[in-house]
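# Reading the structure
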2 protein chains.
Amino acid sequence: MRNVTIDNITDVVINAMSPDIAPRNRQIMTSLIKHLHGFAREVDLTFPEWLEACEFMRRAGDISDDKRNEFILICDILGLEVLVDMQDHRVTDGESESTVLGPFYRENPPVLPKGASIIQKHFDNSQTVRVSGRVLDTAGRPIEGVTIDVWEDAPNGLYEQQDPDQPDYNLRGRFVTDANGEYAFVGIRPEPYPIPYDGAAGELLNYMGHHPWRPGHIHFMLFKDGYQTLISQIFDADTKYLDKDSVFAVKESLIGQMRPAPAGADTELVMDFDFRLKKAVAKTLIAAE
Amino acid sequence: MRNVTIDNITDVVINAMSPDIAPRNRQIMTSLIKHLHGFAREVDLTFPEWLEACEFMRRAGDISDDKRNEFILICDILGLEVLVDMQDHRVTDGESESTVLGPFYRENPPVLPKGASIIQKHFDNSQTVRVSGRVLDTAGRPIEGVTIDVWEDAPNGLYEQQDPDQPDYNLRGRFVTDANGEYAFVGIRPEPYPIPYDGAAGELLNYMGHHPWRPGHIHFMLFKDGYQTLISQIFDADTKYLDKDSVFAVKESLIGQMRPAPAGADTELVMDFDFRLKKAVAKTLIAAE
């Protein structure tokens, strides 16, 4: 190892791994080292470029905190989150398509009854929408008791944790499907917004000549024991950027239509959207002796 | 772009780059996206694994500050710094080999006269060494006026910025070669030390089953206008870990021999080590009109 060369360094690093580590660790690191070195070789990466990349990563760390993980944003810009999401959630049985979680999810949103509003603050420049539908299994049977977390941005394009003028957990809620598998809540028509570009992710967008905009969408996370958790989004059919999402997350099947509400309704718009959940893979139970 | 699939996502992201960006940006990002996606595909990376990787990166950011860049350490463990260093500093003309900068360099060390000591604090358990030699060009002619920054760890294995018990800039100095190209300074015999494993780099070492130890070495940075800057290390020929450096930085040509000092000398050990610098590539001067 005191004669490391450009040609042997990749094998040297891989062979330095202990024989005792888990096979998955070895598989991941072997592939990662090969691709990382392959990248550096392919572009003949210079030392100053590498050092600047390390400083870029430090800046990404500097702007991250409990509420913001800049590395998720960076992965989103590079299409990595959507790739990993697609390959980890291959549609096999007619279940709803997933899409990226994004960096704005928060645990433990307010638990609300069916039909309640997630709007804690009035915005003049927004339209209210009643979103409702059913959660079904892949055979089309309603599922009762599915927990649904929803979250969306305000008309200024900001999620509540980005915006000191919004109440805590504004435009977030947790609902549960009823005996008919139905859910409903009142929110606002989601606005296109730029992903945060005040930090390292913005630097990367500039470096690549990408724009930061996302089409208007509402985030969903659906979970119930016995079913695979679904992380997804509904995209407003009439929003901008459907064909140039900065994080590549749009799927045709996730586009929802907002229509004028019927006369006498409490909201200006309504949208129906059903989800289908796949059964979780049964875990092998190891019988006690 | 609303029909992104596992098969087309890599091209979609690459094609989203603006036509206006610099060719080097496009070259780097095209290769990086291909290799990053290639890695995720090859190991069928799962969503939880990807999310944990993002959290790992955030933890690396959390422990980084002005004096510590955890991402450099991570690259070192992955052999990336030494690879980039080798390919950016290919030996073409008999000049000294470079090796990794490492994360402990500090700008503006104390400027000291030839032969001065960089030891600001006495350590009982160390041996003093006078390091001296000449800086030559690749034709073997001495070069006057080369600035040499040196830095090394204390007997406890810590650099001064890691250790509140050491004076600021302890075991660091800046020297200049004389008319004969000679430099000299007094330091201590460098000790093997573990790279910092209290943060994300330590997690990665565990994950790979690597140890954190480095062989004893003294860092050097040599620079003068008209010559290529040399970032290198001298490794103590009698130190441990010469054949299993945790950052893969040892080169046979960078191993130096410490010998007992002659009777009457001020230090316990002496070491001679010459460096050879390559001329910088001449920059094209664009004549003014």
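This text goes with the structure placed above it.
Right, let's talk about the pattern of salt bridges for a bit. Enumeration according to the criterion identifies 40 salt bridges over all chains in this entry. The partner of Glu55(A) in a salt bridge is Arg58(A), with the nearest N and O atoms 2.9 Å apart. Of the two residues, Glu55(A) and Arg58(A) are both situated in helix α3 (residues 47-63); the distance of three residues between them amounts to about one turn of the helix. For Arg58(A), a relative accessible area of 13% translates into the label buried. Residues Arg59(B) and Glu203(B) are paired through a salt bridge, measuring 2.8 Å at the closest nitrogen-oxygen approach. Here the residue Arg59(B) occupies a position in helix α3 (residues 47-62), and Glu203(B) occupies one in helix α6 (residues 200-208), the gap between them amounting to 144 residues. Given the relative accessible area of 31%, Glu203(B) is considered partly exposed. Salt bridges sharing common partners tie together Arg106(A), Glu160(A), Asp168(A) and Arg172(A).

Let's shift gears to empty space enclosed by the protein. Residues and elements named next belong to chain A. Under the definition given, this model contains three cavities of 30 Å³ or more. By volume, the largest cavity amounts to about 110 Å³. Lining the largest cavity are 13 residues, and of these Glu 95, Ser 96, Gln 228, Thr 229 and Leu 230 lie nearest its centre. Looking at the lining of the largest cavity residue by residue, the classes come out as four nonpolar, five polar and four charged.

It is worth spelling out the side chain of Thr147(B) at this point. With respect to the element layout, Thr147(B) can be found in strand β2 (residues 147-151). For Thr147(B), a relative accessible area of 15% translates into the label buried.

The subject of this paragraph is the packing of helix α5 (residues 80-88) of chain A against helix α2 (residues 23-42) of chain B. With their axes 10 Å apart at the nearest point, α5(A) and α2(B) run at an angle of 20° to one another. Put simply, α5(A) runs roughly parallel to α2(B). Handedness of the α5(A)/α2(B) crossing: right-handed. Touching Leu80(A), Leu83(A), Val84(A) and Gln87(A) of α5(A) are Leu36(B), His37(B), Ala40(B) and Arg41(B), all from α2(B). Looking at the contact of α5(A) with α2(B) residue by residue, the classes come out as five nonpolar, two polar and one charged.

The rules behind these values
- Residues numbered from 1 in each chain as written.
- Chains lettered and ligands numbered in written order.
- Predicted model: local features only at pLDDT ≥ 70, side-chain atom pairs only at ≥ 80, totals over all residues.
- Heavy atoms only, no water.
- Salt bridge = Lys/Arg side-chain N within 4 Å of Asp/Glu carboxyl O.
- Helix = DSSP H or I, 4+ residues; strand = E, 2+ residues; numbered from the N terminus.
- Buried < 20%, exposed > 50% of the residue type's maximum accessible area, 1.4 Å probe, protein only.
- 1 Å grid on protein atoms, 1.4 Å probe; cavity = no way out; pocket = protein on both sides within 12 Å on 5 of 7 lines; lining within 4 Å.
- Points joined across faces, edges and corners; volume = space filled by probe spheres on them.
- Nonpolar A, V, L, I, M, F, W, Y, C, P; charged D, E, K, R; others polar.
- Axes fitted to C-alpha atoms, helices over the stretch in contact; angles between N-to-C directions.
- Parallel < 35°, antiparallel > 145°, perpendicular 65-115°, else oblique.
- Left-handed = near helix turned anticlockwise from the far one by under 90°.
- Contact = heavy atoms within 4.5 Å.

Shape is all these values report; function is a separate question.
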